[in-house]
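Summary of structural features
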Amino acid sequence: MYEQERRWEMGRKTISMVTESFASKGSIFQPMLSSKCIGCENFSVCIGALRPLVSYRVVSTRNHYNVCPALAERMQVVEVEELPFKVILEAQVAIPGASIRYTRPSCSEDIKKQYPLECNPVYLDEGEKINVIRRVAKVAENLYLCEVEATDPPSPRLWILAKHFLAQRKTP
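The following refers to the structure shown. A quick note: this is a predicted structure, and the numbers were derived from the prediction, not measured.

Thresholds, definitions, all that
Residues numbered from 1 in each chain as written. Predicted model: local features only at pLDDT ≥ 70, side-chain atom pairs only at ≥ 80, totals over all residues. Heavy atoms only, no water. Salt bridge = Lys/Arg side-chain N within 4 Å of Asp/Glu carboxyl O. Helix = DSSP H or I, 4+ residues; strand = E, 2+ residues; numbered from the N terminus. Buried < 20%, exposed > 50% of the residue type's maximum accessible area, 1.4 Å probe, protein only. Core = buried A, V, L, I, M, F, W, Y, C linked by side-chain atoms within 4.5 Å. Contact = heavy atoms within 4.5 Å. Pairing = 2+ DSSP bridges. Axes fitted to C-alpha atoms, helices over the stretch in contact; angles between N-to-C directions. 1 Å grid on protein atoms, 1.4 Å probe; cavity = no way out; pocket = protein on both sides within 12 Å on 5 of 7 lines; lining within 4 Å. Points joined across faces, edges and corners; volume = space filled by probe spheres on them. Nonpolar A, V, L, I, M, F, W, Y, C, P; charged D, E, K, R; others polar. Disulfide = S-S within 2.5 Å.

This part is about the pattern of salt bridges. Evaluated as defined, the whole model comprises eight salt bridges. A salt bridge links Arg12 to Glu82, with the shortest nitrogen-to-oxygen separation between them at 3.1 Å. Within this pair, whereas Arg12 is found in the loop between α1 (2-9) and β1 (13-19), its partner Glu82 is found in strand β4 (residues 73-82), the two being separated by 70 residues in sequence. Grouping residues by exposure puts Arg12 and Glu82 together as buried. Residue Arg57 is joined to Glu81 by a salt bridge in which the shortest nitrogen-to-oxygen separation is 2.4 Å. One end of the pair, Arg57, is in strand β3 (residues 56-68); the other, Glu81, is in strand β4, and 24 residues separate them in sequence. Of the two residues, Arg57 and Glu81, neither departs from the other in class, the shared state being buried. Several salt bridges share partner residues, and in doing so they unite Arg12, Arg51, Glu82 and Glu128 into one network.

This is the structure in structure tokens:
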């Protein structure tokens, strides 16, 4: 347990806003995008600073509030920590402790069906720097499902990719 807690302490921290129900130290959440978010004046200080489909933990709260135009709810300013997430990596770079630039792996159609998000993560840009935390599973001869953490802030364009990904999953 200590190793897991210690790993979380190393996650990228940033300022964001959450609904009051999540605004307590230790709360874990995944940011959700509404149709009004991307054009909102608060986007860059709200979920624009976070990765889509990645979990965050509230590490501290601030005594400042804003009203969200999309949700019509009071939002509290918080400091959050990005939790590790999973991606498929080529065996030669899937080394725990390694700091690498992310490259999309060559996943077979079967692997893509089994791990659609991990083969083509909408929460990570090609070339982004990540730290490999651990190998979770061997998914092919030269591919591993790995738990990683990003070291740089995300690009806001990842939200557009996530929106398209989620729309495709909803259509039969």
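Turning our eyes to something else, we now look at the nonpolar core. Nonpolar side chains in soluble globular proteins tend to end up buried together. Phe85, Val87, Leu89, Ile130 and Val148 are the most contacted members of the largest nonpolar core, which totals 28 residues. Contributing elements (two or more residues each) for this core: β3, β4, β5 (85-90), β7 (129-140), β8 (143-150) and α4 (157-170). Considering every element that reaches this core, the biggest residue donor is β8, with four residues. If sequence neighbours within four positions are ignored, Leu89 has contacts with Ala94, Ile100, Tyr102, Ile130, Val132, Asn142, Leu143, Tyr144, Cys146 and Val148. The next biggest cluster of nonpolar side chains, apart from the first, holds nine residues, and it includes Met17, Cys37, Phe43 and Cys46.

Another point: the sheet that holds β7. On the basis of which strands lie adjacent, the open sheet formed by four strands has the order β5-β8-β7-β6 and antiparallel pairing. Each edge of the open sheet carries a strand with a single partner, namely β5 and β6 (99-101). In this sheet, adjacent strand axes meet at a mean angle of 55° when their direction is disregarded. Taken together, the eight bridges between β7 and β8 define a ladder with antiparallel strand orientation. In the strand pairing of β8, Val132 is matched with Val148.

This part covers the layout of surface pockets. Considering only enclosed or pocket space, the largest pocket measures out at about 380 Å³ in volume. Listed by contribution, the elements that provide at least two residues to the lining of the largest pocket are β1 and β3. Sort the elements by how many residues they give to the lining of the largest pocket and β1 lands first, with four residues. Within the lining of the largest pocket, the residues separate by chemical class into 19 nonpolar, six polar and one charged.

Moving on to the side chain of Thr19. Structurally, the position occupied by Thr19 is in strand β1. Since its relative accessible area comes to 13%, Thr19 is described here as buried.

Overall, the coordinates contain one disulfide when judged by the stated rule. Shown here is the disulfide that connects Cys107 with Cys119, its sulfur atoms set 2.4 Å apart. Note on the Cys107 and Cys119 pair: the S-S dihedral is about -100°, so by sign convention the disulfide is left-handed. One end of the pair, Cys107, is in the loop between β6 and α2 (109-114); the other, Cys119, is in helix α3 (residues 116-119), and twelve residues separate them in sequence. When its relative accessible area of 5% is taken as the criterion, Cys119 is described as buried. The thiol of Cys37 is not disulfide-bonded; the next cysteine sulfur, from Cys68, is found 6.0 Å away. Look at Cys37 and you get buried, because its relative accessible area is 13%. Just so you know, Cys40 is unpaired, no disulfide at all, and the nearest cysteine sulfur is the one on Cys68, 6.2 Å from it.

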